[in-house]
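# Examining the three-dimensional arrangement
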Amino acid sequence: MKAKYRVLAADDELWSRENIRCMLPWEDYSIEFLEPACDGEEVLERIPKEKPDILITDINMPFLSGLELLDRVKEEYPDIITLAVSGYDDFQKVKGVFMSGGIDYLLKPVSREQLVDSLSKALKTLEEREAEKAVKEDSRLRETYVSSFLEDDEFSSLLNGKLFRPGKDFHVPSTKVFSEMSTILVKFHDVEILKQSYEKDVLRMSYSLKEKLRKIVGNERTIVFNYTDKVNEFVIELNATPTRLHFIADRILEAFPVEEQGPITIVLHDKATSLDDIAAVYREMIANLVTRPFGREHSTVVCTGSRKASAFNDRYTSCIESLLVDSLGKGDIGRAKTVLMETAGLDKCDEQKWSLFEVTQFTTGALNTIADSDKNSDERTYEEVQDAINYGLRSLNKEIITDNMELALSIAQGESANENNSISSQVENIRDYIETHYMEHLSLSGLAEQFFVEPSYLSRKFSQKYNETITTYITRCRMDRAKKLMEDEKNKLEAISFEVGYDDYNYFSRVFRRLEGISPSEYRKKNMQ
């Protein structure tokens, strides 16, 4: 067991020092027993370096008496717990010990029971102090995180073009100070990794990542803020040359390894602008972000203006569409899969350096074609597949995309498992699982694999049993939790969105409005009244 506390004993008599040393198995109490001191002066010399938590001192010592030592320790090191030992039952000395901050007075020869009792008092005091300190530190950090969030909220409002909000002062620094600025956009694609790293605490995550980015940039005339509508996006405004921007981008990517934070896209906008123009700059950067190569690798993109769709390769060509329609019309799902994965090359989209835009355009077109060919299936089932594919696009995960494209083909084919008596209980198990894991990334294909059920069959049986799709049920669980969290006005709406499973607040707001008929902010205001 690693020692948690340190004890220093002081006595001018060797036998007394050794008696204390050998009396207890100190390590069993998570205590490191330091080499005893011979007198008070030695104690004062050693405290700064050895930092004891508990001091056990004899009262009668040469050079510096125990009472004088206790006075010095109380004045100079008030956090140290002190115990006094003496061979005399002297009331004045006992009184002096307690006046000097000692918590106990032991008579020689000290018994094991006495020492254990006194140490228990000392350890309890230390643990109470630590608990109190932890509470204060947690409170301080929460205040820091909230303050940081409020700063982000104001810069985000500027980004959104909401420069003036009635009844609220605006604290964004003067753009006269922040003019001729370049911009860096840092987007973390794998939000699930971030959630796990920061235990779903969006405020702590935002503050920690901002601080890390600030240290990397290392420039006083720099603004770093987390775009509150997209918790995985960070904007850096700074005065820097194009060469320095690339240097900073390289340092950021080195500081966040793919295996720890997932893939990151950095978009550089080196054209000098005013902070007033940040909304237009952001839109331009997002338009360029989709040019990044698709795959689980970091990427740096240089902003060259707004991109037009014609600048990309059309991966879902009329030829591919015709081959897919023909295969689906003949019920040849194997051939349809070959068309998508091999002929079109979706299975190698990362190796062939398809852009994020091209993968998005291809999967949207292909899924629409598959859904249109299926005259019997519930369109809500394809919406579940589309949700899963969208997650794969956001996280740059090819396997999720290809698995769900294959799932769409199996749904179109009408594949189903054999009817059995266990499917009803299995569906109930899946519903129970969703109720406790709704805030995580869940999908039809993922749940089917986890519970060993064929996906399209699961989708149909779940809808039959509960009269809603799995995706709809997940969404309802999330919104019910969000409404509960809204009852506490200290909970920021953006933080609530993140906690219930959304990294994009705007998307959360749209879903909430679709289900409740009003926006999250309107709902909170209505219920507060």
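What comes next is a walk through the structure. (Residues numbered from 1 in each chain as written. Predicted model: local features only at pLDDT ≥ 70, side-chain atom pairs only at ≥ 80, totals over all residues. Heavy atoms only, no water.)

### So, the overall build of the protein chain
Defined as follows: Numbering goes from the N terminus for both helices and strands, where a helix is a DSSP run of H or I of at least four residues and a strand is a run of E of at least two. Categorising residues by exposure relies on relative accessible area from a 1.4 Å probe, with only protein chains included: less than 20% of the type maximum marks a residue as buried, more than 50% marks it as exposed, and the intermediate range marks it as partly exposed. Contacts were defined at the residue level, with two residues in contact if any of their heavy atoms lie within 4.5 Å. Reported accessibility uses the Shrake-Rupley method at a 1.4 Å probe radius. Residues are deemed covered only where the shown protein chains occlude them.
The helix and strand tally for the protein chain stands at 22 helices and 10 strands. The buried share among the 529 residues of the protein chain stands at 49%. Sequence-distant contacts in the protein chain: of pairs separated by 6 or more residues, those separated by 24 or more amount to 68%. Surface exposure of the protein chain reaches about 26,300 Å², of which carbon and sulfur atoms provide 48%.

### Description of the environment of K525
Locating K525 in the fold gives a position in helix α22 (residues 520-528). On the basis of relative accessible area, K525 is assigned to the exposed category, the value being 56%. Each C-alpha atom, one on K525 and one on E487, is 10.0 Å from the other, the two residues being 38 residues apart in sequence.

### Brief notes about the pattern of salt bridges
Selection rule: Any Lys or Arg side-chain nitrogen located within 4 Å of an Asp or Glu carboxyl oxygen qualifies as a salt bridge.
Following the criterion strictly, the structure yields 34 salt bridges and no others. With its nearest N and O atoms 2.7 Å apart, the salt bridge here joins R140 to E137. Here E137 and R140 lie together in helix α5 (residues 112-159), a separation of 3 residues that amounts to about one turn. A relative accessible area of 41% means that R140 is categorised as partly exposed. The exposure class of E137 is partly exposed, given its relative accessible area of 35%. With its nearest N and O atoms 2.8 Å apart, the salt bridge here joins D326 to R335.

### Re helix α14 (residues 379-394)
For clarity, the threshold we go by: For a helix, the expected span equals 1.5 Å multiplied by the residue count minus one.
Between the first and last C-alpha of α14 there are 23 Å, a value that for 16 residues agrees with the 22 Å anticipated at 1.5 Å per step. Looking at α14, one finds that the buried residues are T381, Y382, E384, V385, Q386, A388, I389, Y391, G392 and L393. At its buried positions, α14 is contacted by α6 (191-197), α13 (356-373), α15 (398-413), α17 (444-450), α18 (455-466) and α19 (470-486). Just downstream of α14, L396 is the residue with a positive phi angle, here 60°.

### A closer look at the sheet that holds strand β5 (residues 104-107)
So the rule is basically this: Strand pairing is assigned whenever DSSP identifies at least 2 bridges connecting the two strands. Lines fitted to C-alpha atoms define the axes, with helix axes restricted to the stretch in contact, and inter-axis angles between N-to-C directions lie between 0 and 180 degrees.
Spatial ordering of the open sheet is given by β2-β1-β3-β4-β5, a layout of 5 strands whose pairing is parallel. Either end of the sheet is taken by a strand with one partner, and the two such strands are β2 (31-33) and β5. Going across the sheet, the axis of each strand differs from the next one's by a mean of 20°, ignoring polarity. Here strand β1 (residues 5-10) pairs with strand β3 (residues 54-58) via 4 bridges, running parallel. Counted as the bridge partner of A10 is T57 from β3. Seen against the sheet, helix α3 (residues 66-76) touches β3 and β4 (81-86) and runs at an angle of roughly 155° to β3.

Shape descriptors only; they carry no functional weight alone.
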